[in-house]
Amino acid sequence: MQLVVARIGRAHGIKGEVTVEVRTDEPELRLAPGAVLATDPPSAGPLTIETGRVHSGRLLLRFEGVRDRTGAEALRNTLLIAEVDPEELPEGEDEYYDHQLVDLDVVTADGTEVGRITEISHLPTQDLFIVERPDGSEVMIPFVEEIVAEIDLEEQRAVITPPPGLIDDRAEIASSRDES
């Protein structure tokens, strides 16, 4: 299975380094020297990581064959794609890869259907499930222990205990305001 692990940003310096926007929880594994990554667009790669370092909080990579700023700048906005075994699991007991969570059915503890996870949004403070509801609308559900009670990969579902207002329909909220 192919997963996007980073997006190349601007060139850094004159020796071919680039900044990268990391899109993996395991950059030390996926973006390590020697890693060979496919690219989008495919014409930019494959790219082999020669060196990596952190500078001012940003990951900088240099690829084999890219020796100057011009070559590095030509890679800007290229997606880096790693080949990952779909059976591979993260080390932590309550950790999941995005591909394991996307397409899970989301239900409340009493079995009420909420929708299906279409995307995981990684924010600085927490991750969010982007859930498409049966009517086509979307709801964002924080991926925190207090709300996501269970992830059942065998049953392909996420069980949530949402606080009031998180998944309530806007029509229901509006009607309750009208009643008061």
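Residues numbered from 1 in each chain as written. Predicted model: local features only at pLDDT ≥ 70, side-chain atom pairs only at ≥ 80, totals over all residues. Heavy atoms only, no water.

Chemist: Could you clarify how one ought to interpret the nonpolar core in this entry?
Modeler: Nonpolar side chains tend toward joint burial in soluble globular proteins. In this structure, Ile8, Leu31, Leu61, Phe63 and Leu80 are the most contacted members of the largest nonpolar core, which totals 20 residues. The set of elements that each furnish at least two residues to this core consists of strand S1 (2–12), strand S2 (17–22), strand S4 (47–55), strand S5 (58–63) and strand S6 (79–83). Non-local contacts of leucine 31, meaning those with residues more than four positions away in its chain, are made with Val5, Ala6, Val22, Leu37, Ile49, Leu59, Leu61 and Leu80. If you look at the next biggest cluster of nonpolar residues, it comprises 17 residues, including Val106, Ile120, Val131 and Ala158. (Core = buried A, V, L, I, M, F, W, Y, C linked by side-chain atoms within 4.5 Å. Buried < 20%, exposed > 50% of the residue type's maximum accessible area, 1.4 Å probe, protein only. Helix = DSSP H or I, 4+ residues; strand = E, 2+ residues; numbered from the N terminus. Contact = heavy atoms within 4.5 Å.)

Chemist: Help me understand the sheet that holds strand S9 (residues 127–132) in this model?
Modeler: Hydrogen bonding along the main chain pairs the strands of a sheet, whether they run parallel or antiparallel. Read from one edge of the open sheet, six strands run S10-S9-S8-S7-S12-S11, paired in mixed fashion. In the strand order of this sheet, the two ends are held by strand S10 (138–142) and strand S11 (148–152), each with one partner. Between one strand axis and the next, the sheet turns through 35° on average, direction left out of account. Here S9 runs beside S10; their pairing, made up of five bridges, is antiparallel. When the sheet's bridge partners are listed, isoleucine 130 is paired in S10 with methionine 140. (Pairing = 2+ DSSP bridges. Axes fitted to C-alpha atoms, helices over the stretch in contact; angles between N-to-C directions.)

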